[in-house]
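Coordinate analysis (summary)
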Amino acid sequence: MIEETIEYTGQRKAFGQSILDNQVVHFRLAELETKVELLRSLVYRAVEDYINGADVTLLASMAKLTAGRLLREVTDGCLQYWGGMGYMTESEISRMYRDGRLTSIGGGADEVMLGIIAKGMGILPGQRKNH
């Protein structure tokens, strides 16, 4: 989505310059790309730990939670730069925006992932030991 948005905004003109030439646009796309790379690092760490026999329930839940939320953020951010064209049902970005929502539902609701993470951290009510 980010790459397609870069290509599209590089070609789309407004006020005599490409949309991509606006600082707010290229900075936002850079920020989104950075967040994707952070998530990729978390996934790679979880996979490496899994291969080495570790229980990766906590890391996998963190990755699933982050993936769903980041997908919504990326699709929403990118769709904004497509303007009306992005809202058309036949556009790929519109489909991604609509279908991406399933990640946080079908893969385990955000609240379920948060419960698993809180449990793994030992911070659920009744889990904490008095110090």
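Now for a description of the structure that goes with this document. (Residues numbered from 1 in each chain as written. Predicted model: local features only at pLDDT ≥ 70, side-chain atom pairs only at ≥ 80, totals over all residues. Heavy atoms only, no water.)

**Regarding the pattern of salt bridges**
Per the stated rule, a full pass over the model turns up 10 salt bridges. In this structure, R28 engages E73 in a salt bridge whose closest nitrogen and oxygen atoms are separated by 2.9 Å. One end of the pair, R28, is in helix α2 (residues 23-51); the other, E73, is in helix α3 (residues 57-82), with 45 residues separating them in the sequence. A residue is classified by how much of its surface remains accessible, and R28, at 21% relative accessible area, is partly exposed. One salt bridge in this structure joins E37 and R40, with 3.0 Å as the shortest N-O distance. Here R40 and E37 lie together in helix α2, a separation of three residues that amounts to about one turn. Residues participating in the shared-partner salt-bridge network are R28, E31, K35 and E73. (Salt bridge = Lys/Arg side-chain N within 4 Å of Asp/Glu carboxyl O. Helix = DSSP H or I, 4+ residues; strand = E, 2+ residues; numbered from the N terminus. Buried < 20%, exposed > 50% of the residue type's maximum accessible area, 1.4 Å probe, protein only.)

**Some details on the side chain of D110**
Positionally, D110 belongs in helix α7 (residues 110-121). Judged by relative accessible area, which is 8%, D110 ranks as buried. Polar contacts involving the side chain of D110 include one to the side chain of R69, which spans 3.2 Å. D110 has contacts with L65, R69, R72 and S104, leaving out every residue within four places of it along the chain. (Polar contact = N/O pair within 3.5 Å; in protein donor to acceptor, adjacent residues only side chain to side chain. Contact = heavy atoms within 4.5 Å.)

**A closer look at the environment of Q127**
Structurally, Q127 can be placed in the segment after α7. Here Q127 falls in the partly exposed class, since its relative accessible area comes to 32%. Those residues in contact with Q127 that sit more than four places away from it in its chain are A118, K119 and G122. A polar atom in the side chain of Q127 sits 3.2 Å from the backbone nitrogen of I123.

**So, the packing of α3 against α7**
Across the interface, α3 lies against α7 with an axial gap of 9 Å and an inter-helix angle of 145 degrees. As for the relative orientation of α3 and α7, their crossing is left-handed in sense. Between α3, through T57, L58, S61, M62, K64, L65, R69 and R72, and α7, the contact on the second element is made entirely by D110, M113, L114, I116, I117 and G120. For the contact of α3 with α7, the per-class residue count stands at seven nonpolar, three polar and four charged. (Axes fitted to C-alpha atoms, helices over the stretch in contact; angles between N-to-C directions. Left-handed = near helix turned anticlockwise from the far one by under 90°. Nonpolar A, V, L, I, M, F, W, Y, C, P; charged D, E, K, R; others polar.)

**Overview of the nonpolar core**
Judged by nonpolar contacts, the single largest core of 17 residues is most densely connected at I2, V25, L29, L32, V74, C78 and I93. Broken down by secondary-structure element, the contributors of at least two residues to this core are α2 and α3. Looking at which element gives the most residues to this core, the answer is α3, with eight residues. In this structure V25 touches I19, L20 and Y81, once residues within four positions along its chain are discounted. (Core = buried A, V, L, I, M, F, W, Y, C linked by side-chain atoms within 4.5 Å.)

**Details of the packing of aromatic side chains**
Applying the stated criterion to the full structure yields one aromatic pair. Taking 4.0 Å as the distance between ring centres and 5 degrees as the angle between the ring planes, the aromatic pair formed by Y8 and W82 counts as stacked. Remark: W82 occurs in helix α3 and Y8 occurs in helix α1 (residues 2-11); sequence separation between them is 74 residues. On the accessibility criterion, W82 (13% relative accessible area) is buried. (Phe/Tyr/Trp six-rings, centres within 6.5 Å; stacked < 30°, edge-to-face > 60°.)

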